[in-house]
Amino acid sequence: MGFIETRGNDGIKAKEVSFSEAILNPSSSFGGLYVPKELPNLGQSFIENHINKSYKELAFNILKAFEIDIEDNEIQKALDLYDNFDNPKNPSPVIKVKDDLYVNEQYHGPTRAFKDMALQPFGSIFSSIAQKKDENYLILAATSGDTGPAALNTFRNKKNIQVVCLYPDGGTSDVQRLQMVCEEADNLKVLGIKGNFDDAQNALKTLLASNSFKSELEKYNINLSAANSVNFGRIIFQIIYHFWSYLELIRQNGIKNGEKIYLVVPSGNFGNVLGAYYAQKMGLAIEKLLVASNENNILTEWINTGVYDIREKTLKLTKSPAMDILKSSNIERVIYDLFGSSRTKELMEDLNSKNIFKLTKDETKELQKYFSATFSNDTFGNKTIKEFLDIGYLMDPHTATCIKAYNELKDKALKTVIYSTAEWTKFSPTVLNALKQDSEKYSDKEALEEISSKFKANLPQSIKDLFSAKTIHNSIIEKENIESEIIKFIRKS
């Protein structure tokens, strides 16, 4: 299956590329993104055929449906990395917490966040392609807290790969920061920047599109790529677990095949809910996708009004920091799917030049056929975490935002799956404040210890070990110095 460009073709790049080419070189014409030329149609018969299949079998067959140009043995090798999750047979368990409410726990991988679900196999496939082509790659990752640790983990000591990870200094939890700055391998570089996630992501996109930067890398025989969800290699793996949610509800006798469900996704960069949108377009019986945001509620405004306006917006630092984002990359892929390449180019150029774009009334109605959205604040999240622990379920602050959407946006009595994108251990001070209903300042270490002992919550050894690990990466730099610091790293390597 071929991959094409969201903003049309510039006459220089190929009009259509293979999957491997799209993931090695994710930046397309006019600063756009790659998308599949068409989506495979997987309906009720596909679901029926996979009720008794494993996660790896489901993933393999969805990847094959996309006709990706990766050999079967390399796909299987990548999927075998799910064997390193807490439960190899069920890497993304779906837990029933109320009669109509289920939680897909996506944090049972090595870095305790949902990014492992995509980045573990993605890293394996990317590395194998690079080695077969005998090409060297610099992979850039910008993170609001979870992409960074997952990218560093999956690419650690991989041949033909170097990774530079950008994170906002002060914009992640201590555990997330330690997972990055303590990661030791010669092919990894972590840079804290004085700025927020949008600054990091904008720097990444600028460098991906910079001919002068690419020319500098060519002097060292290095190509440029990315591990963020701008790369479709990430998105393809984020489609799979939505099918898994549906299958799990059937297995647990929550629904029958063909019965519609709601999916609630906490969203910042829109990649996770984009995977759900593609799953719906591929035939999964989804009534509607409910988008949960925090106080950086740009996605809520866009879905509810059709206007994406960040002119007067200032990024707010919240207790759900992975969603502290104002420019959501993956809305572009939805806009392309609904309205085509010329309209996508027009709207994205408006956003880049004017910090605003507006859908027409008809376009807004079309968007709202698939999505509804709401947002919550930290006070709501605090109360929700406590409320659910009281009924025996411990969640993190991002998962808590989903409950607002679950409470407000459903207009039919259908089963609902919410996505828990990070383990409580990544945000333990916030969780402890919620559980004790106080506003004390706790360090991550003391919060982890108190929650695990007082509330009998499991504390993974990998999290415990962080606090005695050696810090390898100390750099905190100005945004303007990102490119020069990367070149320094390349030269030393």
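Going along each chain's sequence as written, the residues are numbered from 1 onward. Totals for whole chains, interfaces and linings use all residues, but because this is a predicted model, local features are given only for residues with pLDDT of at least 70 and pairs of side-chain atoms are given and counted only at 80 or more. Note that the side-chain values use all heavy atoms of the structure and ignore hydrogens as well as water.

Draft legend 1. Representation of the pattern of salt bridges within the structure. Salt bridges are defined by distance alone: a side-chain nitrogen of Lys or Arg within 4 Å of a carboxyl oxygen of Asp or Glu. Going through the model one piece at a time under the given rule, you end up with 30 salt bridges. The partner of Arg-251 in a salt bridge is Glu-248, and the shortest N-O contact between them spans 2.6 Å. Remark: Glu-248 and Arg-251 occur in helix H10 (residues 232-251); sequence separation between them is three residues, near one turn of the helix. Arg-251 gets classed as partly exposed once you look at its relative accessible area, which sits at 25%. Given the relative accessible area of 9%, Glu-248 is considered buried. Between Lys-412 and Glu-287 there is a salt bridge, and its shortest N-O distance comes to 3.0 Å. Of this pair, Lys-412 sits in the loop between helix H17 (397-408) and strand E14 (416-420) while Glu-287 is found in strand E10 (residues 286-293), placing the two residues 125 residues apart along the sequence. One network of salt bridges, with partners in common, ties together Lys-56, Asp-80 and Asp-83. What counts as a helix is a DSSP run of H or I of at least four residues, what counts as a strand is a run of E of at least two, and both are numbered from the N terminus. Between buried and exposed lies partly exposed: a residue is buried under 20% and exposed over 50% of the maximum accessible area for its type, with that area taken using a 1.4 Å probe on protein chains only.

Draft legend 2. Seen up close, the sheet that holds strand E13 (residues 371-375). As summarised here, the arrangement of the six strands in space is E3-E4-E14-E9-E10-E13, forming an open sheet in which the pairing is mixed. The sheet terminates laterally at strand E3 (94-98) and E13, the two strands that pair on one side only. With direction set aside, neighbouring strand axes in the sheet form an average angle of 25 degrees. Pairs of strands are assigned from DSSP output, requiring at least two bridges between the strands. Examined bridge by bridge, strand E9 (residues 261-266) and E10 share six bridges and lie parallel to one another. Considered in E10, the bridge of Val-265 is made with Val-291. Throughout, a contact is declared for two residues whenever any of their heavy atoms are within 4.5 Å. Simply put, an axis is a line fit to the C-alpha atoms, just over the touching stretch for a helix, and the angle between two N-to-C directions goes from 0 to 180 degrees. Against the sheet, helix H11 (residues 271-281) touches E9, E10 and E13, its axis set at about 170 degrees to E10.

Draft legend 3. Molecular detail of the nonpolar core. For this analysis, a nonpolar core means a set of buried residues of the types Ala, Val, Leu, Ile, Met, Phe, Trp, Tyr and Cys, connected via side-chain atoms within 4.5 Å. In this structure, Phe-237, Phe-243, Phe-270, Trp-302, Phe-357 and Phe-371 are the most contacted members of the largest nonpolar core, which totals 149 residues. The element contributing the most residues to this core is H10, with 13 residues. Once residues lying within four places of it in the same chain are set aside, the contact partners of Phe-270 are Val-291, Leu-299, Trp-302, Ile-303, Ser-328, Asn-330, Ile-331, Val-334 and Phe-371. By size, the runner-up hydrophobic cluster in this structure holds 27 residues, among which are Val-164, Ile-222, Val-230 and Ile-477.

Draft legend 4. Summary view of helix H15 (residues 361-368). Of the residues making up H15, those classed as buried are Glu-363, Thr-364 and Leu-367. Down the axis of H15, the buried set is contained in an arc of 100 degrees. They therefore lie on one face. The exposed set on the far side of H15, more than 90 degrees from its buried face, consists of Lys-361, Asp-362 and Lys-365. Looking at the buried positions of H15, the neighbouring elements they touch are helix H12 (298-305), helix H13 (331-339), helix H14 (341-354) and E13. As used here, the arc is the angular range of directions from the helix axis to the C-beta atoms.

Draft legend 5. Quick peek at the layout of surface pockets. A cavity here means a set of 1 Å grid points, computed over protein atoms only, where a 1.4 Å probe fits but cannot escape. A pocket is an open set with protein on both sides within 12 Å along at least 5 of 7 lines, and lining residues have an atom within 4 Å of a point. Grid points are joined across faces, edges and corners, and a volume is the space filled by probe spheres set on the points. Here the largest pocket defines a volume of roughly 670 Å³. Along the wall of the largest pocket there are 31 residues; nearest its centre are Thr-318, Lys-319, Pro-429, Thr-430 and Asn-433. Contributions of two or more residues to the lining of the largest pocket are made by helix H16 (378-389), H17 and helix H18 (428-436). In this structure, the second largest pocket spans a volume of roughly 440 Å³. Lining the second largest pocket are 23 residues, and of these Arg-7, Gly-31, Lys-205, Glu-332 and Asn-352 lie nearest its centre. Looking at which element gives the most residues to the lining of the second largest pocket, the answer is helix H8 (residues 197-208), with five residues. Ten residues, namely Ala, Val, Leu, Ile, Met, Phe, Trp, Tyr, Cys and Pro, are considered nonpolar, four, namely Asp, Glu, Lys and Arg, are considered charged, and the remaining ones, Gly among them, are considered polar. A breakdown of the residues in the lining of the second largest pocket according to their chemical character gives 11 nonpolar, eight polar and four charged.

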